[in-house]
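# Structural features, examined
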Amino acid sequence: MADNGEDIPLHQACKGESILNTNRQIKTSEDATTSCKNTNVALKIAARDPEGDLSLYQPRPPTQPRWPKTSKKGSVERTVRTRRLRNSQESLSDPTGSSTDSLKEDLTVPTPGEQFLIGAGPIKNELETHERSLSAFMTGSQVFRTRDNSLSDYERGRHSQQSSPKDHRVKSSKLRLSPLQPTGPLPALEMSFESANLRAANRIDRDCLDYALLANKKGKLHRNLSDSRLLGNMGSDSASVSSMKSTYSVLSPIKPKDVRNRSFLEGSLLGTGALLGAEELDRYFPDRSVGVYVATWNMQGEKALPTNLDDLLLPADCEVAQDFYIIGVQEGCPDRREWEIRLQETLGPHYILLYGASHGVLYLTVFVRRDFIWFCSEAEHATVTTRIISQIKTKGALGIAFTFFGTSFLFITSHFTSGDAKVYERILDYNKIVEALNLPKGLPDANPFHSRPSDVTTRFDQIFWFGDFNFRLSKARVDVDAIISGIMGEDMGPLFEHDQLSNVMKDGSIFEGFQEAPIHFLPTYKFDIGCDIYDSTSKQRTPSYTDRILFKSRYVEDIKVIKYTSCSNIKTSDHRPVIGVFQVKIKPGRDDIPLCAGKFDRGLYLEGIRRRITRELKMREAMKNQSSSTICTVS
């Protein structure tokens, strides 16, 4: 009977009673399932809190639900879907799915008739209580606070929707953590960069810095590659991509078009693609200048060489090494080969002997950086004897000439007649040398219109003349000693008032067109061997500037003096070595000259490197033995 007093048929009443019984059974089974889930949540919370009380959350086996039979017609079909996982074959066969999709749950939204079963009664309150406890724990944790802050707005919205009690979907029992995001903004990428892998792969030797990439879009570098300091930026985005796509080193890639245009045989001064042309010159020397290191030393014929030649070739006050090393020796040691090996050992593997020659006891060696040997022409040498008897080769001159790009160089070392009063004889020696030195031989004259047959120094662009000229100070020994003792600082003006070479150069009778840098060092002749005391023998020779370095350029201000000094640490001779560092302008040239083609003394190079390695190993072994040794004391 209904409340409104109408009669209900018997079969309808039975049907309603059957539906009510079915709802009660379903509610009973779902209550059991919900109770099991609540128990698992409580256990997880208790596991996180060791001090919690587990007496209220003892696990109880749920009652076995009994599923009702559904009628064929008119019955409400209800299906409780359980959690299922896709198998690996389904995940692989599905082109749109992913590996994470196979672990997701199938969530079913209950029908409106079932909502009062899931979300009603004390079970709902208890479930919400556990969810709030778990949420408070996660929110209070520093890790979860950081991870929650790293979520995007979209993910935070999804998380809040899933955790809302108004959402009646079944929640997943497995917590899925979001990917970590950077806490701050990433640094902005620069226009020029290179990855860490490329930096490690393209790491180069600190002395081999001529290998460089194009630094700007015009293809020109902003600094001189002859400087041994590393460029601030050795890579760019496009260069990094090229390095990854090919087998290049840090050398700039060469396009096939450039290879076709380079003849290497008939290049012109203004044409493109020439080996010695302007493009190649600007690539290695943007400011078109090279560093030249010149050293002269009268060794007094001593057999014993200094134990270390670093002070001679690599002084500590020089910031960078130079491109050319020219060493001239007078009265050299008996074993010239040993002397050249020692020079190679000191300069190391980054320099090679371009050319070496001798005239009696006059030695002249030219070392260049191994990367620049391809731009050098074949070297030539010539000698002149100033003695009356030509077989005696203790006095005279030795010259070496070669062309670098389009600039011709001439280096002359000489030993003039000795004696305090023999100024005229020394002038004769000079005149004989400039007339008789037969250079160049096979090399073309860069400017034949300004050349004179009677003067070899007019046939080259850059000339360096150095050696023991034997010009003295025209003053008594006592007076010179008094002047030296009264000199304050680096002002050597009082001494140069009596210098024979300076006076004859002012008269124009010798070294026409040559210059000399200001001298700020003491006289280099004559010392007692092994000390800094001038001649203490009975001869009492006057201290003098016998060892000099002069230079001459066909073009004004093409040679700039960087340093001009003496080496006071080498005391195995009665002369002190004199060194000069110069910056020399160079110009592009033609490819019609006989090229060196990379030829050098390979045997001397290998022997010098072998000795260098052996010396370093001995030093390491000595340091190791010194550090491991102990001293015993008896008290």
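Residues numbered from 1 in each chain as written. Predicted model: local features only at pLDDT ≥ 70, side-chain atom pairs only at ≥ 80, totals over all residues. Heavy atoms only, no water.

If you look the protein up in an unreviewed UniProt entry, it shows as Phosphatidylinositol polyphosphate 5-phosphatase type IV from Takifugu rubripes.

## What to know about the environment of Glu 490
Selection rule: Only DSSP runs of H or I reaching four residues or more are called helices, and only runs of E reaching two or more are called strands; each is numbered from the N terminus.
Topologically, Glu 490 is positioned in the loop between helix H14 (477-486) and helix H15 (493-496). The spacing of Glu 490 and Leu 522 is 32 residues in sequence and 8.6 Å in space, taken between C-alpha atoms.

## Remarks on unusual backbone geometry
Note that the residue after Leu 439, namely Pro 440, is joined by a cis bond; omega there is -5 degrees. By the element assignment, Pro 440 lies in the loop between helix H13 (423-436) and strand E8 (462-468). The omega torsion of the bond from Tyr 525 to Lys 526 falls at 0 degrees, within 30 degrees of zero and hence cis. Located in the positive-phi region is Ala 597, a residue other than glycine, with phi close to 60 degrees. Structurally, Ala 597 can be placed in the loop between strand E11 (578-585) and helix H17 (602-628).

## A few points about the sheet that holds E8
Strand pairing in a sheet relies on backbone hydrogen bonds, with the paired strands running either antiparallel or parallel. Quick note on the threshold: When DSSP finds two or more bridges between a pair of strands, those strands are recorded as paired. Note on geometry: axes are lines fitted to C-alpha atoms, helical ones only across the stretch in contact, with angles between N-to-C directions running from 0 to 180 degrees. By the convention used here, residues are in contact when the closest approach between their heavy atoms is within 4.5 Å.
The five strands lie next to each other as E5-E6-E7-E8-E9, forming an open sheet whose pairing is mixed. Strands with a single pairing partner mark the edges of an open sheet, and in this sheet they are strand E5 (380-385) and strand E9 (547-553). On average, each strand axis in the sheet is tilted by 15 degrees relative to the strand beside it, whichever way the strands run. The strands that H13 touches are E5, strand E6 (396-404), strand E7 (407-415) and E8; relative to E5, the one it contacts most, it runs at about 145 degrees.

## So, the environment of Pro 523
Among the secondary structure elements, Pro 523 is positioned in the loop between helix H16 (500-507) and E9. Residue contacts for Pro 523: discarding those within four places in its chain leaves Ile 484, Leu 495, Tyr 534, Pro 543, Ser 544 and Tyr 545.

## Concerning the packing of aromatic side chains
Selection rule: Note on ring pairs: Phe, Tyr and Trp rings are taken, using the six-membered ring of Trp, and paired if centres are within 6.5 Å. Classes follow the plane angle, with under 30 degrees stacked, over 60 edge-to-face and the rest tilted.
Across all of its chains, the model carries 33 aromatic pairs by this definition. Judged by centre distance (5.1 Å) and plane angle (80 degrees), the rings of Trp 465 and Phe 511 are edge-to-face. Remark: Phe 511 occurs in the loop between H16 and E9 and Trp 465 occurs in strand E8; sequence separation between them is 46 residues. With a centroid separation of 6.1 Å and 75 degrees between ring planes, the pair formed by Trp 465 and Phe 514 is classed as edge-to-face.

## Side note on the pattern of salt bridges
Stated formally: A carboxyl oxygen of Asp or Glu within 4 Å of a side-chain nitrogen of Lys or Arg is what we treat as a salt bridge. Relative accessibility decides the category of a residue: with a 1.4 Å probe and only protein chains considered, values under 20% of the type maximum give buried, values over 50% give exposed, and everything between is partly exposed.
Counting across every chain of the model gives 28 salt bridges. For the salt bridge of Arg 342 with Glu 345, the shortest nitrogen-to-oxygen distance reads 4.0 Å. You can see Arg 342 and its partner Glu 345 sitting in helix H12 (residues 336-347), three residues apart, about one turn around the helix. As far as the burial class goes, Arg 342 and Glu 345 line up, both buried. Among the salt bridges present, the one from Asp 461 reaches Lys 587, with a minimum N-O distance of 3.9 Å. With a gap of 126 residues between them, Asp 461 in the loop between H13 and E8 and Lys 587 in the loop between E11 and H17 connect regions that are remote in the sequence. For Asp 461, a relative accessible area of 1% corresponds to the buried category. On the basis of relative accessibility, which here comes to 27%, the residue Lys 587 falls in the partly exposed class. Each of Glu 338, Glu 607, Arg 610 and Arg 611 takes part in one network of salt bridges that share partners.

## With respect to the pairing of strand E1 (residues 289-298)
In terms of residue burial, E1 counts as a mostly covered element, since 10 of its 10 residues are buried. Judged by which residues are buried, E1 turns out to be covered on both faces: Ser 289, Gly 291, Tyr 293, Ala 295 and Trp 297 on one side and Val 290, Val 292, Val 294, Thr 296 and Asn 298 on the other are all buried. The pairing of E1 with E11 spans eight bridges and is antiparallel. What sits directly across from Ser 289, in E11, is Lys 585. As paired strands, E1 and strand E2 (residues 324-330) are joined by seven bridges and run parallel to one another. By the bridge assignment, Val 292 is partnered in E2 with Phe 324.

## Some thoughts on H14
To keep it simple, the criterion reads: The arc refers to the directions leading from the helix axis to the C-beta atoms.
For H14, the full list of buried residues reads Arg 477, Val 480, Ile 483 and Ile 484. One face of H14 carries all of its buried residues, which in axial projection span an arc of 125 degrees. Opposite the buried face of H14, by more than 90 degrees, sit the exposed residues Val 478 and Ser 485. As for H14, its buried residues are in contact with H15.

## Points about the nonpolar core
Our working rule: Among buried residues, the Ala, Val, Leu, Ile, Met, Phe, Trp, Tyr and Cys ones that are joined through side-chain atoms within 4.5 Å form a nonpolar core.
Phe 285, Ile 326, Phe 402, Phe 404, Phe 464 and Leu 495 are the most contacted members of the largest nonpolar core, which has 56 residues in total. Sort the elements by how many residues they give to this core and E6 lands first, with four residues. Excluding residues within four positions of it along the chain, Ile 326 makes contact with Val 292, Tyr 293, Val 294, Ala 295, Leu 364, Thr 365, Val 366, Phe 411 and Phe 466. The next biggest cluster of nonpolar side chains, apart from the first, holds 26 residues, and it includes Ala 382, Val 384, Leu 439 and Val 456.

## A closer look at the sheet that holds E1
A sheet is described by the order of its strands in space; here six strands give the open sequence E3-E4-E2-E1-E11-E10, paired in mixed fashion. Bordering the open sheet on either side are strand E3 (351-359) and strand E10 (559-566), each of which pairs with just one other strand. Averaged over all pairs of adjacent strands, the angle between strand axes in this sheet comes to 15 degrees, irrespective of strand direction. Where E2 meets strand E4 (residues 362-369), six bridges bridge the pair, whose relative direction is antiparallel. Residue pairing across strands places Tyr 325 opposite Phe 367, the latter belonging to E4. Packing against the sheet, H12 makes contact with E1, E2, E3 and E4, and its axis sits at approximately 155 degrees to E3.

## A word on the confidence of the model for the protein
Parts of the prediction with low pLDDT should not have their coordinates interpreted in detail. Rule in force here: One number per residue, pLDDT, summarises how confident the predictor is, and it ranges from 0 to 100.
Summing up the model confidence of the protein, the mean pLDDT is 74 and the portion of residues at 70 or higher is 59%. Here residues 70-120 scores under 50 on pLDDT; set against residues more than four positions off or in separate chains, the count is 35 contacts. Within the model, the stretch residues 136-155 combines pLDDT values under 50 with 18 contacts to residues more than four positions away or in other chains.

## Re the environment of Phe 514
Residue placement: Phe 514 occurs in the loop between H16 and E9. Through-space distance from the C-alpha of Phe 514 to that of Lys 552 is 4.7 Å; in sequence the pair is 38 residues apart. Ignoring anything within four residues of it in the chain, the contact list for Phe 514 reads Tyr 430, Thr 457, Ile 463, Trp 465, Met 505, Leu 550, Phe 551 and Lys 552.

## Things to note about the side chain of Asn 470
Topologically, Asn 470 is positioned in the loop between E8 and H14. The exposure class assigned to Asn 470 is buried, which follows from its relative accessible area of 3%. Excluding residues within four positions of it along the chain, Asn 470 makes contact with Lys 395, His 415, Phe 416, Thr 417, Ser 418, Gly 419, Arg 426 and Thr 546.

## Examining the side chain of Ser 408
Test applied: Here a polar contact is taken to be a pair of N or O atoms separated by no more than 3.5 Å, where protein atoms must pair a possible hydrogen donor with a possible acceptor and residues adjacent in sequence count only if both atoms sit in side chains.
Its location among the elements puts Ser 408 in strand E7. You can call Ser 408 buried: its relative accessible area is 5%. Only 2.9 Å separates the side chain of Ser 408 from the backbone nitrogen of Asp 461, close enough to count as a polar contact.

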